[in-house]
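Geometric and topological summary
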Amino acid sequence: MMKHYSNRMVLIHWLTLALLVAAWFLGDSLAEATDDSNATISGYLVHGLAGGAVFLLTVARLFFRSKDGVPAPIGDSPMDKLAKGVHHLLYTVLFVLPVSGMITIVTSDAGKALLSGDASLLPKDGGYDEVFAHEAHEFMVNVLIVVVVVHVLGALKHQFIMKDGLMERMLPRRK
Ligand code: HEM
Ligand code: HEM
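Let us look at the structure shown here. (Residues numbered from 1 in each chain as written. Chains lettered and ligands numbered in written order. Predicted model: local features only at pLDDT ≥ 70, side-chain atom pairs only at ≥ 80, totals over all residues. Heavy atoms only, no water.)

1. Points about the overall build of the protein chain
- Summing up its helical and strand segments, the protein chain has five helices and zero strands in all.
- Reading the protein chain from its N terminus to its C terminus gives the helix and strand order α-α-α-α-α.
- For the protein chain, the spread of C-alpha atoms along the principal axes amounts to about 55 × 30 × 20 Å.
- For the protein chain, the proportion of contacts with a sequence separation of at least 24, taken over those separated by at least 6, is 82%.
- Looking at the protein chain, you have 15 positive and 16 negative side-chain charges, and the mean spots of the two groups are 22 Å apart. (Helix = DSSP H or I, 4+ residues; strand = E, 2+ residues; numbered from the N terminus. Contact = heavy atoms within 4.5 Å. Lys, Arg positive; Asp, Glu negative; His and termini not counted. Charge placed at Lys NZ, Arg CZ, Asp CG, Glu CD.)

Printed below as a string of structure tokens:
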């Protein structure tokens, strides 16, 4: 029986964490630049690339998950069921968050600006007020933060209170 996640699932898990931190900071500075009405095309590109990479990695991850399988659940307690629900929520956010970002671009002036390469067309202060996908994108960022905090608290509980070695399952290992 399998005792660990496959190495490629492990790699994507931790790479996703790093990219999310980057996308979060880049998104925040992009929004600040928009409020100052001086956002740049490259600001959009680097944020979109970091976030877009999260999306592609999540698609690859679900494919590898179905090919490689996952280790058996460690138990069937209410807490174990909660953890499973949290994992489903995380996958949902990893998909919906970047997609809402892409829809923000195609349903706002940012799309025209990026297609023409003309930064003066980029949304300025208040330029996203009527863009629903932008609301959704901001909301999903907050959902992400809350759900990740719950997920990490669970991991810490396994590591330091239950001491059951669960973390090993998500760490790289030699064949
Ligand atoms: C999955 C990772 C992503 C994270 C964590 C993320 C995070 C953020 C954050 C924190 C903001 C600032 C929200 C605010 O305070 O107004 C933001 C804004 C934005 N993001 Fe993302 N984002 C992600 C993916 C994407 C993708 C893939 C795209 C598009 C290709 C995108 C496009 C945008 C746009 C257009 C804005 C609005 C910028 C502005 O208000 O000036 N995001 N994002
Ligand atoms: C310091 C941060 C993190 C720690 C310590 C951590 C730890 C873990 C551990 C130990 C597991 C394996 C659980 C098991 O074997 O049942 C796991 C699974 C998982 N983690 Fe994290 N994680 C972190 C951050 C994140 C982030 C930022 C995300 C995505 C937003 C994430 C998404 C997931 C998902 C979706 C699974 C389930 C994998 C599957 O069964 O397909 N994790 N995490």
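2. Concerning the site of ligand 1
- Around ligand 1, 25 residues are found, and the nearest of them are Gly27, Thr34, His47, His134 and His137.
- A distance of 2.8 Å separates an oxygen atom of ligand 1 from a polar atom in the side chain of His134.
- In this structure, Glu138 approaches ligand 1 through a side-chain N or O atom, which is 3.5 Å from an oxygen atom.
- Where the shell around ligand 1 is concerned, the elements lending two or more residues are helix H1 (7-35), helix H2 (41-68), helix H3 (78-106) and helix H5 (132-162).
- Here the shell around ligand 1 gets eight residues from one element, more than from any other, and that element is H1. (Near = heavy atom within 4 Å. Polar contact = N/O pair within 3.5 Å; in protein donor to acceptor, adjacent residues only side chain to side chain.)

3. Concerning the coordination of the iron atom of ligand 2
- The protein atoms that coordinate the iron atom of ligand 2 are His13 (NE2) and His151 (NE2), at distances of 2.0 Å.
- Note that the iron atom of ligand 2 binds six donor atoms; their angles at the metal cover 86 to 180°, and the shape is octahedral. Pair noted here: His13 is in helix H1 and His151 is in helix H5, with a separation of 138 residues, a long-range link. (Donors = N, O, S within 2.8 Å, 3.2 Å for Na, K, Ca; no water. Tetrahedral: all angles 85-135°; square planar, octahedral: opposite > 155°, others 65-115°.)

4. Some points on the site of ligand 2
- Around ligand 2, the surrounding shell holds 21 residues, and the nearest of these are His13, Arg65, Tyr91, His151 and Arg169.
- Taking His151, its side chain carries an N or O atom lying 2.8 Å from a nitrogen atom of ligand 2.
- One of the side-chain N or O atoms of Arg169 is found 2.6 Å from an oxygen atom in ligand 2.
- Those elements that provide at least two residues to the shell around ligand 2 are H1, H2, H3 and H5.

5. A short note on the packing of H2 against H3
- Two elements in contact, H2 and H3, have axes whose closest approach is 9 Å; the angle formed by their N-to-C orientations is 145°. Relative to H3, the crossing made by H2 is left-handed. Counted together, Tyr44, Gly51, Val54, Phe55, Thr58, Arg61, Leu62 and Arg65 of H2 and Tyr91, Leu94, Phe95, Pro98, Val99, Met102 and Ile105 of H3 form the full contact between these two elements.
- Of the residues in the contact of H2 with H3, the class split is 11 nonpolar, two polar and two charged. (Axes fitted to C-alpha atoms, helices over the stretch in contact; angles between N-to-C directions. Left-handed = near helix turned anticlockwise from the far one by under 90°. Nonpolar A, V, L, I, M, F, W, Y, C, P; charged D, E, K, R; others polar.)

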